[in-house]
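Observations on the three-dimensional arrangement
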Amino acid sequence: DGKVLSTTKETIRILIGFGPEGEVFCRTLDRLGDRNWKTKILPHMVLYLRRMSERYPNLQVRCDGEGSLVQLTQEAVRNLKEAENHSTATKNMNVRAVKSESPWSNKAENAVRRVKEMYGCLRTEFEARTKVKVRMLDNIGKLMIRHVEYLMDHVQRRDMMDDDGGSSKVTVFERYHG
């Protein structure tokens, strides 16, 4: 007869950013209040915000009202403004905490759902092919989240309106890089 030797509950956070045209940012944090977030996640957030500010000059950065998330986001915006010497692209950028409404009621909540669904599909397929159980806390689990970001930005096609009123299916990457 089998026995369970130990069980551990995974506690990890997935930080998901969603741009105005569907650009996705996905990173994992073991703990959001961790003091090492400045070296782990902040440079990635600043790079993402820099790319968004180049495309959208009046970018408004919003996040839910969780204190540590607001602090992290404010720090990323502050670092970007300092690096850009308060250029016109980042001059009006600010952070605003918004109250989450009913689940799946806005684009950000839908992005969270899509990321979770795609991660689940990737993990299930990987486990079926390799017979290796993947936990989110493992490095392979964290890499899968990064791969979800890549797939959503470079593979997943979305409708784009043409100048003549028609529409075509393109990825977010194709939209900006041809």
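The structure presented is a predicted model; accordingly, all values stated were derived computationally and were not measured. (Residues numbered from 1 in each chain as written. Predicted model: local features only at pLDDT ≥ 70, side-chain atom pairs only at ≥ 80, totals over all residues. Heavy atoms only, no water.)

1. A word on the overall build of the chain
- If you tally the helices and strands in the chain, you get seven helices and six strands.
- Secondary structure elements of the chain occur, N-terminal to C-terminal, as β-β-α-α-β-α-α-β-α-α-β-β-α.
- Counting across all 178 residues of the chain, residues that qualify as buried make up 32%.
- Sequence separation of at least 24 residues holds for 59% of the intrachain contacts in the chain that already meet a minimum separation of 6.
- A total of about 11,500 Å² of accessible surface is found on the chain, and carbon and sulfur atoms cover 50% of it. (Helix = DSSP H or I, 4+ residues; strand = E, 2+ residues; numbered from the N terminus. Buried < 20%, exposed > 50% of the residue type's maximum accessible area, 1.4 Å probe, protein only. Contact = heavy atoms within 4.5 Å. Areas by Shrake-Rupley, 256 points an atom, 1.4 Å probe, with all protein chains shown as cover.)

2. A short note on the environment of Val148
- Positionally, Val148 belongs in helix α6 (residues 139-154).
- Along the backbone, Val148 and Arg27 are 121 residues apart, and their C-alpha atoms lie at a distance of 9.9 Å.
- Those residues in contact with Val148, other than ones at most four positions away along the chain, are Val115, Met118, Tyr119 and Leu122.

3. Topic: unusual backbone geometry
- Positive phi, normally seen in glycine, also occurs at Lys131, with a value near 60°.
- As for its position among the elements, Lys131 is in the loop between α5 (107-130) and α6.
- Residue Lys131 is classed as exposed on the basis of its relative accessible area of 71%.

4. Observations regarding the packing of helix α2 (residues 42-55) against helix α3 (residues 67-83)
- The contact between α2 and α3 brings their axes to 9 Å, and the two run at 60°. Taken as axis vectors, α2 and α3 run oblique relative to one another. Between α2 and α3 the crossing geometry is right-handed. Contacts from Leu42, Met45, Val46, Leu49, Arg50 and Ser53 of α2 reach α3 at Leu72, Thr73, Glu75, Ala76, Val77, Asn79, Leu80 and Ala83. (Axes fitted to C-alpha atoms, helices over the stretch in contact; angles between N-to-C directions. Parallel < 35°, antiparallel > 145°, perpendicular 65-115°, else oblique. Left-handed = near helix turned anticlockwise from the far one by under 90°.)

5. Comments concerning the layout of surface pockets
- Estimated volume of the second largest pocket: approximately 380 Å³.
- Along its surface, the second largest pocket is lined by 18 residues, and Val24, Arg51, Glu149, Asp153 and His154 are the ones closest to its centre.
- Of all elements in the fold, only β2 (24-29), α2, α6 and α7 (172-177) reach the threshold of two or more residues within the lining of the second largest pocket.
- Per-element accounting of the lining of the second largest pocket gives the leading share, six residues, to α2.
- In terms of residue class, the lining of the second largest pocket is built from eight nonpolar, three polar and seven charged. (1 Å grid on protein atoms, 1.4 Å probe; cavity = no way out; pocket = protein on both sides within 12 Å on 5 of 7 lines; lining within 4 Å. Points joined across faces, edges and corners; volume = space filled by probe spheres on them. Nonpolar A, V, L, I, M, F, W, Y, C, P; charged D, E, K, R; others polar.)

6. So, the packing of aromatic side chains
- Applying the stated rule across the entire model yields one aromatic pair.
- An angle of 35° between the planes, with centres 5.0 Å apart, marks the rings of Phe25 and Tyr48 as tilted. Here Phe25, found in strand β2, pairs with Tyr48, found in helix α2; they are 23 residues apart in sequence, far enough to count as distant.
- The exposure class assigned to Tyr48 is buried, which follows from its relative accessible area of 14%. (Phe/Tyr/Trp six-rings, centres within 6.5 Å; stacked < 30°, edge-to-face > 60°.)

7. Focus on the environment of Glu54
- As for its position among the elements, Glu54 is in helix α2.
- For Glu54, a relative accessible area of 60% translates into the label exposed.
- Here the alpha-carbon distance between Glu54 and Thr88, two residues 34 residues apart in the chain, equals 10.0 Å.

8. Observations regarding the environment of Leu42
- Turning to its location among the elements, Leu42 is positioned in helix α2.
- In this structure the C-alpha to C-alpha distance between Leu42 and Thr73, which are 31 residues apart in sequence, comes to 8.5 Å.

9. A short note on the pattern of salt bridges
- All chains considered together, the criterion is met by seven salt bridges.
- For Glu84, the salt bridge is made with Arg50, and the minimal N-O distance between the two is 2.7 Å. Taken together, the residues Glu84 in the loop between α3 and α4 (88-91) and Arg50 in helix α2 connect sequence positions 34 residues apart.
- Note on Arg50: relative accessible area 24%, which makes it partly exposed.
- Its salt-bridge partner being Glu117, residue Arg113 comes within 3.3 Å of it at the nearest N-O pair. Of the two residues, Arg113 and Glu117 both sit in helix α5, four residues apart, roughly one turn of that helix. (Salt bridge = Lys/Arg side-chain N within 4 Å of Asp/Glu carboxyl O.)

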